[in-house]
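Working through the structure, step by step
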Amino acid sequence: MTEAILLVGGRGTRLRPLTVHTPKPMLPAAGVPFLTHQLARARAAGVEHIVLATSYLAEVFEPHFGDGSALGLHLEYVTEEEPLGTGGAIRNVASRLHSGPDEPVLVFNGDILTGLDIGALVRTHETSGADVSLHLTRVTDPRAYGLVPTDGAGRVLAFLEKPQTPEEIVTDQINAGAYVFRRSVIDTIPAGRAVSVERETFPGLLAAGAHLQGMVDSTYWLDLGTPAAFVRGSADLVLGKAPSPAVPGRCGDRLVLPTARVAPDAKLAGGTVVGEGAFVAEGARVFGSTILPGAVIEPGAVVTDSLIGTRARVGERAVLSGAVIGDGAVIGAHNELREGVRVWCDARIPAGAVRFSSDQ
């Protein structure tokens, strides 16, 4: 297997305001666009040619990655004029593939951080003779995912979308967002319209008697679709919990990019990333957070499990926990922002305007 399709067209609505100016796969995780980690892992598994299926803010991908030669890859870009869903996006790029009808093509989603053994998935596909093979993982609470029960040999029995009752939860195995398709199967997906592989393609293949094989791989897996998950994924890359050959430095408690500045008495821990040109001032404490390029953390501020957008500013002695601060936003001194708050791009919160505790 030397070819892959990478689905990077989503609008990233669950991640706004982070995705107002930047498509989700291009958000920095552990100091580089998240997509860099996926490309590097695919290359390490032997993939040589990757077609990126783009849509939202499609114009930002090629200027950054070019033809892929810097990563040892050959990259091509196909932009959807209108969103086509996962299946439609796969079909839309089929003309760029070089594989023969029976050869395997890897397909993976642009928002999944995983330690999947890609080679093992391809070997499972080839030895089982499957039409499509799916990476499956086990989760504690599967209600937010599509369930994929299999028989004793790993053959897929059904696709059950987002069960809500205990009776519907027949397995803890979920679709983990990476597949190997027999090349000819891609050509059977309807062209020119929106198609969901999860709701249409896979159930349709199963009903037609096709062989769909599941491979359970319970190594690291995280859907980066929410701000909290994205911050955690970036921290796990820095800490070495999530594997990637693209982390720009040694794994450890912190990652400070070359042009960033950190005061000697500032404390960084928990997989914190300080991006290019960012500044963390004296007495600040930053834990498990991502500070994007050009952002400023002023003296005495405390930032925990948060993401601070490009050129944003967190004021003196402000306290942030589980917060997302959009690009260019300014958080005044002595504010206290807690779990789940999202401050939009270029917004300004005056000093002392938001508190969760008394002013004492």
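These lines cover the structure that appears in this document, whether it is placed above or below.

What counts, and at which threshold
- Residues numbered from 1 in each chain as written.
- Predicted model: local features only at pLDDT ≥ 70, side-chain atom pairs only at ≥ 80, totals over all residues.
- Heavy atoms only, no water.
- Buried < 20%, exposed > 50% of the residue type's maximum accessible area, 1.4 Å probe, protein only.
- Helix = DSSP H or I, 4+ residues; strand = E, 2+ residues; numbered from the N terminus.
- Contact = heavy atoms within 4.5 Å.
- Polar contact = N/O pair within 3.5 Å; in protein donor to acceptor, adjacent residues only side chain to side chain.
- Pairing = 2+ DSSP bridges.
- Phe/Tyr/Trp six-rings, centres within 6.5 Å; stacked < 30°, edge-to-face > 60°.
- Lys NZ or Arg CZ within 6 Å of the ring centre and 35° of its normal.
- Core = buried A, V, L, I, M, F, W, Y, C linked by side-chain atoms within 4.5 Å.

1. Digging into helix H4 (residues 118–128)
Buried residues of H4: Ile118, Ala120, Leu121, Val122, Thr124 and His125, and no others. Buried-residue contacts for H4 involve helix H1 (34–44), strand E6 (104–109), strand E8 (132–138), strand E11 (173–182) and strand E12 (212–216). Two or three places before Gly119, at the opening of H4, Asp117 has a side-chain oxygen 3.2 Å from that residue's backbone nitrogen.

2. Section: the pairing of strand E4 (residues 49–54)
Here E4 lies mainly inside the structure; six of its six residues are buried. Across the two faces of E4 the burial is the same, with His49, Val51 and Ala53 and Ile50, Leu52 and Thr54 all buried. Looking at chain direction, strand E1 (residues 3–7) and E4 are connected through five bridges and run parallel. Along E4, the bridge assignment pairs Leu7 with Ala53. Judged from the six bridges that link them, E4 and strand E5 (residues 74–79) form a sheet pairing that is parallel. From the neighbouring strand, His49 faces E5, where its bridge partner is His74.

3. A few points about the environment of Gly340
Mapping Gly340 onto the fold places it in the loop between strand E28 (336–337) and strand E29 (342–343). The exposure class of Gly340 is exposed, given its relative accessible area of 55%. Each C-alpha atom of the pair Gly340 and Pro23 lies 21 Å from the other, and the pair is 317 residues apart in sequence.

4. Observations concerning the packing of aromatic side chains
Evaluation of the coordinates by the stated rule reveals five aromatic pairs. Ring geometry for Tyr145 versus Trp221: centroids 5.8 Å apart, planes at 70°, classification edge-to-face. In this pair, Tyr145 is assigned in the loop between E8 and strand E9 (146–147) and Trp221 in strand E13 (residues 221–223), connecting sequence segments 76 residues apart. Residue classification places Tyr145 among the partly exposed positions, given a relative accessible area of 23%. Ring geometry for Phe159 against Phe202: centres 5.4 Å apart, planes inclined by 25°, an arrangement best described as stacked. Note that Phe159 is positioned in the loop between E9 and strand E10 (160–161) and Phe202 in helix H6 (residues 197–207), a separation of 43 residues in sequence. Judged by its relative accessible area of 0%, Phe202 falls in the buried class. Ring pairs connect the aromatic residues Phe159, Tyr179, Phe181 and Phe202, which therefore count as one cluster. Above the plane of the ring of Phe279 lies Arg261, whose end atom (NZ or CZ) is 4.4 Å from the centre.

5. As for the side chain of Thr290
Turning to its location among the elements, Thr290 is positioned in strand E20 (residues 290–291). Of the polar contacts made by the side chain of Thr290, one reaches the side chain of Ser234; its length is 3.4 Å. Not counting chain neighbours up to four residues away, the residues in contact with Thr290 comprise Pro28, Ser234, Val273, Ser306, Leu307 and Ile308.

6. Regarding the sheet that holds strand E18 (residues 279–280)
Spatial strand order, E15-E18-E21-E24-E27-E30: six strands in an open sheet with parallel pairing. Taken across any chain shown, the strands that pair with only one partner, and hence form the sheet edges, are strand E15 (261–262) and strand E30 (348–349). When strand E21 (residues 296–297) meets strand E24 (residues 313–314), the two strands line up parallel, connected through two bridges. Following the sheet pairing, Ile297 is matched in E24 by Val314.

7. Comments concerning the nonpolar core
Counting residues in hydrophobic clusters, the biggest one holds 29 residues, and the most contacted among them are Ile5, Ile90, Val132, Leu134, Phe181, Phe202 and Leu212. Secondary structure elements with two or more residues in this core: E1, E4, helix H3 (85–92), E6, E8, E11, helix H5 (183–186) and H6. Ignoring any residue separated from it by four or fewer positions in sequence, one finds Ile5 in contact with Val51, Ile90, Val93, Leu97, Val105, Leu106, Val107, Phe108 and Ile186. Within the second largest apolar cluster, 26 residues are counted, among which are Ala266, Ala301, Val314 and Val343.

Function cannot be read off these values alone, since they describe shape.
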